[in-house]
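Here is how the chains run, residue by residue.
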Amino acid sequence: MASNMDREMILADFQACTGIENIDEAITLLEQNNWDLVAAINGVIPQENGILQSDYGGETIPGPAFDPASHPAPAPAPSSSSAFRPVMPSRQIVERQPRMLDFRVEYRDRNVDVVLEDSCTVGEIKQILENELQIPVSKMLLKGWKTGDVEDSTVLKSLHLPKNNSLYVLTPDLPPPSSSSHAGALQESLNQNFMLIITHRELQREYNLNFSGSSTIQEVKRNVYDLTSIPVRHQLWEGWPASATDDSMCLAESGLSYPCHRLTVGRRSSPAQTREQSEEQSTDVHMVSDSDGDDFEDASEFGVDDGEVFGMASSALRKSPMMPENAENEGDALLQFTAEFSSRYGDCHPVFFIGSLEAAFQEAFYVKARDRKLLAIYLHHDESVLTNVFCSQMLCAESIVSYLSQNFITWAWDLTKDSNRARFLTMCNRHFGSVVAQTIRTQKTDQFPLFLIIMGKRSSNEVLNVIQGNTTVDELMMRLMAAVEIFTAQQQEDIKDEDEREARENVKREQDEAYRLSLEADRAKREAHEREMAEQFRLEQIRKEQEEEREAIRLSLEQALPPEPKEENAEPVSKLRIRTPSGEFLERRFLASSKLQIVFDFVASKGFPWDEFKLLSTFPRRDVTQLDPNKSLLEVKLFPQETLFLEAKE
């Protein structure tokens, strides 16, 4: 029975050979084979020509040497976490491979994933974190080791770590992040508009462009390309603040002057052509690579060693590295990559996306389904003998350039320098998973350059194909077209789903709008009815008050009237007969000496106020209400009797 230490080694070797990441699954398979490494591997990966038989730690049965060039990789199978899994070729000898360790390092509000071999040191983890977090190694305390604090020179293998580890970084010597007031000021700047006064250096022409604070520097450069026809990679700028180091940075945080900022743009001059001798050597290389068709692998027929030919061409063309070492800004690194690529291989080449890998994802995947494209990642390596011919003959072929431009967003990275290689592997592990990162890590130098074809999916990014440098133009085009065919089928489904979703949302918006309008109409009717009822109630109240007031006046006048005299009275009596508008008659006796006002009050007490009705006599016809009310009935000749009639005033 194997000891615990041996089991850990067997488990690590089993995972390295089979690519199985799930520890529980790997342990189950090993226990089924009584922890026999070779038997467990044979059970997972059946061999074509018999089964290897050997005890762990014993001697393996020798088999034919495995040549990667003669065993092309199988077609990738789709997976949710990664696009493909490396498969061991038949009769491969089981050897001890470096164990891969995954570290998730937490620093404040960021998480950084690092994948390293167990032969690396703690200091190498800190160097990767220095590039990712922009924190000097000397200011960094890496905590979370189960064995306590460790030295930078400690080899990871000696710590006996599990495959997945969690660490955290402390920076006691660095100030804390800025306060929330800075975040509030930044949010306010994002809502502001910046006026950029851009001068075209060659044409001496000025453009006044308005951009919101949330616009990126990359968007500004693309708009300038539309105005000046200067491609972004050829634009040479003056006037950007020193803090504007990344094209994906928004204007609000780039340090521009508000509300106006002046910039100058011109066309970047192409680097000088190589010397005449370099041109002759380059011509010789092309003659060799083109002498027997498109397949440059036949150069050996001319009796010239491949390494000498390609090495000579590379040294002749190569003046500076494709990408600076330890590049802090991916956009600047890709600007240098594009300029150096143009100087080596000419201006007819794919349009490399200038920006971070995350920005390339946004450009390719996170747009409307109709506008999505595949992402092609070109991995360059100056030390590979295939690089020069692949770039000049394949990548710069007009058919390839045109096809990539129409169907792909092309992003590039140079793996020549170890620091840049480590940085890309970290990005690769974060975006595509450890299996893809391990596959690229195990590629030999002479297998470069690589072309990764990436398709964005809802939950993950899938690597459709990995194209190595030992290919031809026709094969490269065929594999690109195959990837586009797969992508187009998926895109049509996405477009259908998106259209259906938009149709549902439109129907829902229309229903919501109709419901809102219905509610508003109902509310308007209800409010109008309430206003009408309120007005009616108000008028009714006024009418009641007026009637009550008139009734009160009538009663007061009725009570104030002097008593009606009798027919036989010592004083003269006047008998008045008054006809109302309804035809009824009012009769009453008054003293002849009574004032005319008493007659008016009597009529008003019966509901006919003199300000609304006039009192008329017949013979002669006259308006009694126009007479002096202080005169007596005798004086106005309403004696001894008189018939009057009431008439409403106009």
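Conventions adopted
Residues numbered from 1 in each chain as written. Predicted model: local features only at pLDDT ≥ 70, side-chain atom pairs only at ≥ 80, totals over all residues. Heavy atoms only, no water. Helix = DSSP H or I, 4+ residues; strand = E, 2+ residues; numbered from the N terminus. Buried < 20%, exposed > 50% of the residue type's maximum accessible area, 1.4 Å probe, protein only. Contact = heavy atoms within 4.5 Å. Areas by Shrake-Rupley, 256 points an atom, 1.4 Å probe, with all protein chains shown as cover. Pairing = 2+ DSSP bridges. Axes fitted to C-alpha atoms, helices over the stretch in contact; angles between N-to-C directions. 1 Å grid on protein atoms, 1.4 Å probe; cavity = no way out; pocket = protein on both sides within 12 Å on 5 of 7 lines; lining within 4 Å. Points joined across faces, edges and corners; volume = space filled by probe spheres on them. Expected span 1.5 Å × (residues − 1). Polar contact = N/O pair within 3.5 Å; in protein donor to acceptor, adjacent residues only side chain to side chain.

## Thoughts on the overall build of the protein chain
Inference 1: When its secondary structure is counted, the protein chain shows 16 helices and 17 strands.
Inference 2: Here the protein chain holds 650 residues, and the buried ones make up 42% of them.
Inference 3: Here the contacts in the protein chain between residues at least 6 apart in sequence split such that 65% fall between residues at least 24 apart.
Inference 4: Accessible surface, the protein chain: about 35,900 Å² in total, of which carbon and sulfur atoms supply 49%.

## Examining the sheet that holds strand β6 (residues 205-212)
Inference 1: Taken in spatial order, the four strands line up as β6-β5-β8-β7 in an open sheet, and their pairing is mixed. Since the sheet does not close on itself, it has two edges, and those belong to β6 and β7 (235-238), each with one partner. Each adjacent strand pair in this sheet contributes to an overall mean axis angle of 30°, direction not counted.
Inference 2: Bridge count for strand β5 (residues 193-200) against strand β8 (residues 260-267) is six bridges, and the pairing is parallel. Paired with M195 across the strands is C260, a residue of β8.
Inference 3: Packing of helix α6 (residues 217-228) onto the sheet brings it into contact with β5, β6, β7 and β8, and relative to β7 it is tilted by some 115°.

## As for empty space enclosed by the protein
Where empty space is left can be seen by rolling a probe of water-molecule size over the atoms.
Inference 1: Per the counting criterion, the structure on display carries four cavities of 30 Å³ or more.
Inference 2: Computed from the structure, the second largest cavity encloses a volume of approximately 40 Å³.
Inference 3: Residue assignment for the lining of the second largest cavity shows that the elements contributing at least two residues are α16 (596-605) and β15 (613-617).
Inference 4: Counting residues per element, the lining of the second largest cavity draws most heavily on β15, which supplies three residues.

## A short note on helix α9 (residues 330-345)
In an α-helix, one full turn covers 3.6 residues, which means residues spaced three or four apart are oriented alike.
Inference 1: For α9, spanning 16 residues, the distance from its first C-alpha to its last is 22 Å, which sits close to the expected 22 Å at 1.5 Å a residue.
Inference 2: Burial analysis of α9 places twelve of its 16 residues in the buried class, the great majority of the element.
Inference 3: For α9, the capping residue at the N-terminal end is N329, with a side-chain oxygen 2.9 Å from the backbone nitrogen of G331.
Inference 4: Following α9 by one or two positions, G346 has its phi on the positive side, about 95°.

## Some remarks on the sheet that holds strand β11 (residues 450-456)
Inference 1: Ordered by their spatial adjacency, four strands build an open sheet running β10-β9-β11-β12, and the pairing between neighbours is mixed. Two strands bound the open sheet, and with one partner strand each, they are β10 (408-414) and β12 (461-467). Shown here is a sheet whose adjacent strand axes are inclined to one another by a mean of 25°, direction ignored.
Inference 2: Bridge analysis of β11 against β12 gives six bridges, and the strand direction is antiparallel. Looking at the pairing, G456 lines up with N461 of β12.
Inference 3: Set on the sheet, helix α10 (residues 357-364) makes contact with β9 (374-380), β10 and β12; between it and β9 the angle comes to about 150°.
Inference 4: Contacts from helix α15 (residues 473-560) reach β9, β10, β11 and β12 within the one sheet, and its direction differs from that of β12 by about 165°.

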